[in-house]
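This is what each chain is made of:
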Amino acid sequence: MWRSLLLIAFLLGALLPLLHVASSTSSAGDEATRHQTTFELVLLTDAATTKGAVCLDGSPGGYYLRRPLVATANSSKFLVFHEGGGWCGSDANCLDRSLTPLGSSLGYEPTISGDGGGIEAVALYASLRDYTIVYAKYCDGTSWSGNVGEPIRVRNETSGRNETIFYRGRRLLDALMDDLLQNQGLDEADVVLYGGCSAGSLTTYLHIDYLRTKLSPSTKLAGLGDSMYALPYKGYKSPVNHFQQMLQWGYTAWNSSASINDRCREHYAQRMRPQDAFLCLYGSIVVNFVRVPMLIVNSKFDTWQQKAILGLDGDYCSPKVDMDGTVIPCGNDSPGAQARDRYWKIYASVMQRTVEELLPPRHGVFLTNCPWHCLFGWMNWYDSAGSDQQLNVATAHWIALLESGRIHENMTAPRWIAKEQDKCFGQKMGAHA
C-alpha cells in the first residue's frame, strides 16, 4: 500500500521542512506563545451527514482555526489557506490515499501548532497577527473539485476486497464556506485573503471567483496562489507530461466540470473543444479567466514541476544554489545533466514570457529563480526576485493594497519578476533536490 503511494509521489505536492519560530525567553512567554499560535480543529460532521460532504474515505472534512493574536478595532480580517498535497491519479491511487491524512480526517489532531509542526505557510501566518486564519485540510485528492454523487467501488489489490471511496471535493468546499459564513464570522469580514500551496494553490485558482459570490459585496477579496503556475509543457522524454495524463483522467473521473472556473470551461465549449476543458486544471491557464486579482508566487525552477511536468528525475537533475547565489538547475555531475539543465532553463524562460505576455494585468506576480516548491514557509520567506525584491516585502505590499481597497478587477497589479541572470538571495538553505 505504501509502496503504491511512493510510486505516485511525483504527483504529490512537496511537504516542506518548516523552521521553528523563535519564542519568548521566559517560561510564561513560551506558554503564551504556544497558546496564541495554536490552531483548533473544526470537523464538519453535520455536512457529512446531511450533505454527503466527505473525504475520500467517507469521514467528515475539517479545518483548523486560529483567532487573531492582536485585537483590531472595527475590522475583521480572514486568511483562508488550503493545504497542499497533490492529487490521486486513478481509482486505485485514490483508495491508497484514503488510508492517509490526505484522504481521511480520522487521524486529525484536536490542535496543531502554528509555529511549525508540519503545516504550510507558517511565515505568512506569523505576519498576519490581526487575522483569523483558516487552515483548510485537504482530504479529497481533487483540489476540491470532485462532484460524483455515487460512491466509487474499488478493488483493494492487497486484501482482494472491494472498498468504497468518494469524490466529493465540491461538497466539502461548500461545507467549508457555509460553516465559515454561518459560524465563524466570514459573512462580516472586511478583508479576505484566499490562498493555498501546491494543490491548495490550484484550489485557489479554481474557486476564488466562486468565493466572491458567497461573500458580502463590501468584503475586500484577493488571492495568493503559491507554486501552481504550471505550464502544459511536454516532458523531457515524453510528449505528454505525467501531470497532464492525470488531469485528463481526473477531470472525467472526478466529474470536475461543474466545479472549475465557469469562464474557463465555457471558453473551450464555445470553441467546440469541451474535451479540452481539463486544461482548466492548469494554474497557468485557468488564472487567465479568474476575475478576482491574485498574487501568483512561483519559482521558475519549481521542484515539483521539475518531476511532474518536465520528468526530470532528481538522480539526474538536482538543483542547487551556489554560495554567491548562482542558480544551477541541474547542479550534479551525472550523465546528461547539462542537457537537462538547458531544458529546464528553456521551461523557466517560457514561464516568464507567459507571465509577461499573456497574464491579465489585474494579477500580481512574484517569480523567483530560487528553486523550491511552496514558498510561504520560513525557508523561502526572504527569497529574492531580482537584487532588491523579496517575497516577504512583496506579500506585505499586496496585502496593504487589499486592506486599503486598491485591489480590483481593472487594476494593473505590481509584479516582481527575476531576470534570467538574477541570482537567488535570502534562502535559508544553499542546495536542495
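As a reminder, the structure under discussion sits directly above these lines.
For every chain, the first residue of its written sequence is number 1, and the numbers climb from 1 along that sequence. Totals for whole chains, interfaces and linings use every residue, but because this is a predicted model, local features are given only for residues with pLDDT of at least 70 and side-chain atom pairs only at 80 or more, for both listing and counting. Where side-chain values are given, they derive from all heavy atoms of the structure, hydrogens and water being excluded.

(A) Inspection of the overall build of the chain at higher detail. Helix and strand assignments come from DSSP, with helices taken as H or I runs of at least 4 residues and strands as E runs of at least 2, each series counted from the N terminus. Tallying secondary structure elements over the chain gives 13 helices and 14 strands in all. Under the scheme applied here, a residue whose accessible area is under 20% of the maximum for its type counts as buried, over 50% as exposed, and between as partly exposed, the area being computed with a 1.4 Å probe on protein chains only. A total of 433 residues make up the chain; the buried ones form 58% of that total. We call two residues in contact when some of their heavy atoms are within 4.5 Å. Across the chain, every contact between residues at least 6 apart in sequence was considered, and the portion connecting residues at least 24 apart equals 76%. Calculation of accessible area relied on Shrake-Rupley with a 1.4 Å probe; when residues are assessed, cover is drawn exclusively from the protein chains displayed. When the accessible surface of the chain is split by element, carbon and sulfur atoms take 51% of a total near 17,700 Å².

(B) Layout of the environment of Val 70. Of note, Val 70 is situated in the loop between strand 2 (62–66) and strand 3 (77–82). Residue Val 70 is classed as partly exposed on the basis of its relative accessible area, which comes to 35%. Spatially, the C-alpha atom of Val 70 lies 6.0 Å from that of Arg 129, the residues being 59 residues apart in sequence. In this structure, Val 70 is in contact with Arg 129 and Asp 130, ignoring residues within four places of it in sequence.

(C) Inspection of unusual backbone geometry at higher detail. Positive phi outside glycine occurs at Ser 198, with the angle close to 60°. The residue Ser 198 is located in the loop between strand 8 (191–197) and helix 7 (199–214) in this model. Exposure remark for Ser 198: the relative accessible area of 1% places this residue in the buried category. Of note in the backbone geometry, Cys 374 takes a positive phi value of approximately 75° without being a glycine. Along the chain, Cys 374 turns up in the loop between strand 13 (364–368) and helix 13 (391–403). On the basis of relative accessibility, which here comes to 1%, the residue Cys 374 falls in the buried class.

(D) Just the pairing of strand 8, in detail. Counting buried residues along strand 8, seven of its seven residues qualify, which places the element largely inside the surrounding structure. Residues of strand 8 alternate between two faces, with Val 191, Leu 193, Gly 195 and Cys 197 on one and Val 192, Tyr 194 and Gly 196 on the opposite face, all of them buried. Pairing geometry for strand 3 and strand 8, over six bridges, is parallel. When the sheet's bridge partners are listed, Lys 77 is paired in strand 8 with Val 191. Two strands pair if DSSP finds at least two bridges between them. As defined by bridge partners, strand 8 adjoins strand 9 (residues 220–226) across seven bridges and the pair is classed as parallel. Considered in strand 9, the bridge of Cys 197 is made with Asp 226. Looking down the strands as they point away from you, a crossover is right-handed if its path from the first strand over the helix to the second goes clockwise. At this point the chain moves from strand 8, through helix 7, to the parallel strand 9, and the crossover so formed is right-handed.

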